[in-house]
Amino acid sequence: MSSPKYAGVYIENLAEKVYIFNRLIYMNHASTSPRKSERVKDALTGLFTQDGILSAGRNFEGLEDGAVMLRARKALMKLFGFSSATNVILTGGVTISLNMILGGLLKPGDHALATHVEHNAVSRPLALLQKRGIIDVDFLPCGQDGSFDPRSIGKYIRPNTRLFIMTHASNVLGTILPAEECFTEAKRFGLFTVLDAAQTAGLLPLEMNKNIDVLAFTGHKGLGGLPGSGGFVLGRDAAAAIDPWITGGTGSASQSLEQPDFLPDKYESGTANIPGILSLAVAVEELLERGLSPIREQTKNLTRRFLDGIRGIPNLVVHGPGDAERSVAIVPVSSPGWDNALLAGRLFDEYGIITRCGLHCSPLAHQSAGTFPEGSLRFSFGYETTEGEIDAAVRALENLVGRAAGRRGGIQAGN
Ligand SMILES: Cc1ncc(COP(=O)(O)O)c(C=O)c1O
């Protein structure tokens with residue numbers, strides 16, 4: 001059996017049938033945005049074709065490290081409605097940002113609150129701090145559709161509760177959580193607040209305000225930058241509460257063995273990922289020019305079209321809100337009798353459709369949804385997803401799940 005060729009114009013499935021694709025149908029945008037814009041590519045080409053820029057040269061106009069970083073900070077500051085560029089901390093992504101924030105903030109005896117749909121980027125650092133006996137954590141219950149009631153925060157408050165951290169949208173179910181209401185509620189109890197905006201930055205309007213202490217983002221999803229880029233924005237007084245978690249060379253105050261106390265150096269040590277940061281700067285500038293509403297509208301319409309298309313398929317279960325208005329462009333499904341990995345494999349092998357199956361780094365969300373431990377099959381769409389691709393995915397599910405259900409009287413056994 002010859003092996004599938006993914007990079008070319010054709011794919012052979014396991015049965016050696018040949019399907020012609022102009023390109024693969026990528027429906028895994030919740031993991032990463034695969035194609036970077038022409039402007040991003042041009043900027044990176046420019047960076048790498050400046051002789052020696054990365055090793056020795058720090059003098060090329062506009063491409064000097066500090067200039068690239070400032071450009072990114074300014075674009076991100078604008079995107080997140082904040083007025084201080086030095087409060088934008090550039091890191092390797094949201095996971096490292098959250099580790100830095102939680103590790104630097106929480107002290108022995110603290111109690112932390114998070115929701116039951118957090119990504120492991122939140123839940124694992126919290127669980128580790130708990131395991132080490134440093135903090136106590138409660139993951140607050142969510143509905144089966146991923147919904148979260150801000151009023152539940154009050155029920156879990158203890159005298160030592162210090163933090164409320166939440167994802168803005170579940171990467172498993174797509175559900176958008178009511179961040180504003182949650183943070184207003186958390187502030188009533190004087191909690192430090194952190195928003196994980198991995199799934200919503202570049203999609204939903206996000207403005208820093210007095211109720212958000214830290215907003216953490218990743219560069220390679222909706223923002224359109226390279227993997228390994230991202231960061232966090234610190235509210236006015238947040239830096240005073242967070243000790244540096246990574247220390248090292250900053251190129252400033254080098255006479256001292258102590259980490260500088262000023263921003264952004266307090267949290268930025270080591271040689272920066274300039275290609276990643278440049279990609280982020282250019283991608284966010286582009287986003288600002290385009291505005292977020294066309295992206296939200298387009299991805300909402302695609303989600304609605306997909307939901308409408310799959311609703312009638314026998315034996316296919318839609319998880320999450322099943323409502324484009326209440327979610328980002330994520331639709332998890334499963335089918336009784338189908339193994340999710342097998343279905344994902346068939347979608348890829350026979351239709352060239354790339355999805356993501358399993359637990360999506362969020363066992364808690366699957367527990368909330370009732371899909372633990374088997375997980376689900378997640379479709380997620382981006383601005384470049386076309387209606388034709390949505391229809392192709394609907395047809396593929398009809399063919400694989402729907403017809404099989406019809407043939408076998410409703411339940412697909414043993415697949
Ligand atoms: C809600 C959420 N938080 C955190 C992360 C981690 O992002 P990264 O791997 O870019 O650090 C993801 C990635 O899927 C996510 O969806």
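What you are looking at is a predicted structure, and each value in this text was computed from that prediction instead of being measured.

**Things to note about the overall build of the protein**
- Secondary structure summary: the protein contains 10 helices and 15 strands in total.
- Relative to all contacts within the protein whose residues are 6 or more apart in sequence, the contacts with residues 24 or more apart total 69%.

**Details of the site of the ligand**
- Around the ligand there are 13 residues in total, and Thr95, His119, Asn171, Ala198 and Thr218 lie nearest to it.
- When the residues that make up the shell around the ligand are grouped by side-chain class, the tally is 3 nonpolar, 9 polar and 1 charged.

**What about the sheet that holds strand S5 (residues 110-115)?**
- One open sheet holds the 7 strands; their spatial order is S4-S10-S9-S8-S7-S5-S6, and the pairing between them is mixed. Since the sheet does not close on itself, it has two edges, and those belong to strand S4 (88-91) and strand S6 (135-140), each with one partner. Geometrically, the sheet is characterised by an average inter-axis angle of 20 degrees between neighbouring strands, direction not taken into account.
- The strands touched by helix H3 (residues 94-105) are S4, strand S7 (161-167), strand S8 (192-196), strand S9 (214-218) and strand S10 (230-234); relative to S9, the strand with the most contacts, the crossing angle is about 155 degrees.
- The sheet contacts of helix H5 (residues 179-188) involve S7 and S8, and relative to S8 the element is tilted by about 160 degrees.

**Some details on unusual backbone geometry**
- With an omega dihedral of 0 degrees, the bond running from Leu263 to Pro264 counts as a cis peptide bond.
- Within the secondary structure layout, Pro264 lies in the loop between S10 and helix H6 (274-290).
- With an omega of 5 degrees, the peptide bond between Phe372 and Pro373 qualifies as cis.
- A positive phi angle, close to 50 degrees, is found at His360, a residue other than glycine.
- For His360, the position within the fold is in the loop between strand S14 (356-358) and helix H9 (363-369).

**Structural notes on the packing of H3 against helix H4 (residues 120-131)**
- Where H3 meets H4, the closest approach of the two axes is 9 Å, and the angle between their N-to-C directions is 30 degrees. Seen from above, H3 lies across H4 with right-handed handedness. Contact residues: H3 offers Val94, Thr95, Leu98, Asn99, Leu102 and Gly103, while H4 offers Ala121, Val122, Pro125, Leu126 and Leu129.
- Taken together, the residues of the contact of H3 with H4 break down into 8 nonpolar, 3 polar and no charged.

**Quick word on the confidence of the model for the protein**
- Mean pLDDT over the protein: 91, with 89% of residues reaching 70 or higher.
- Counting contacts from residues 1-21, a segment whose pLDDT is below 50, to residues more than four positions away or on other chains yields 23 contacts.

Parameters and conventions
Residues numbered from 1 in each chain as written. Predicted model: local features only at pLDDT ≥ 70, side-chain atom pairs only at ≥ 80, totals over all residues. Helix = DSSP H or I, 4+ residues; strand = E, 2+ residues; numbered from the N terminus. Contact = placed C-beta atoms within 7 Å. Near = placed C-beta within 6 Å. Nonpolar A, V, L, I, M, F, W, Y, C, P; charged D, E, K, R; others polar. Pairing = 2+ DSSP bridges. Axes fitted to C-alpha atoms, helices over the stretch in contact; angles between N-to-C directions. Left-handed = near helix turned anticlockwise from the far one by under 90°. pLDDT = per-residue confidence, 0-100.

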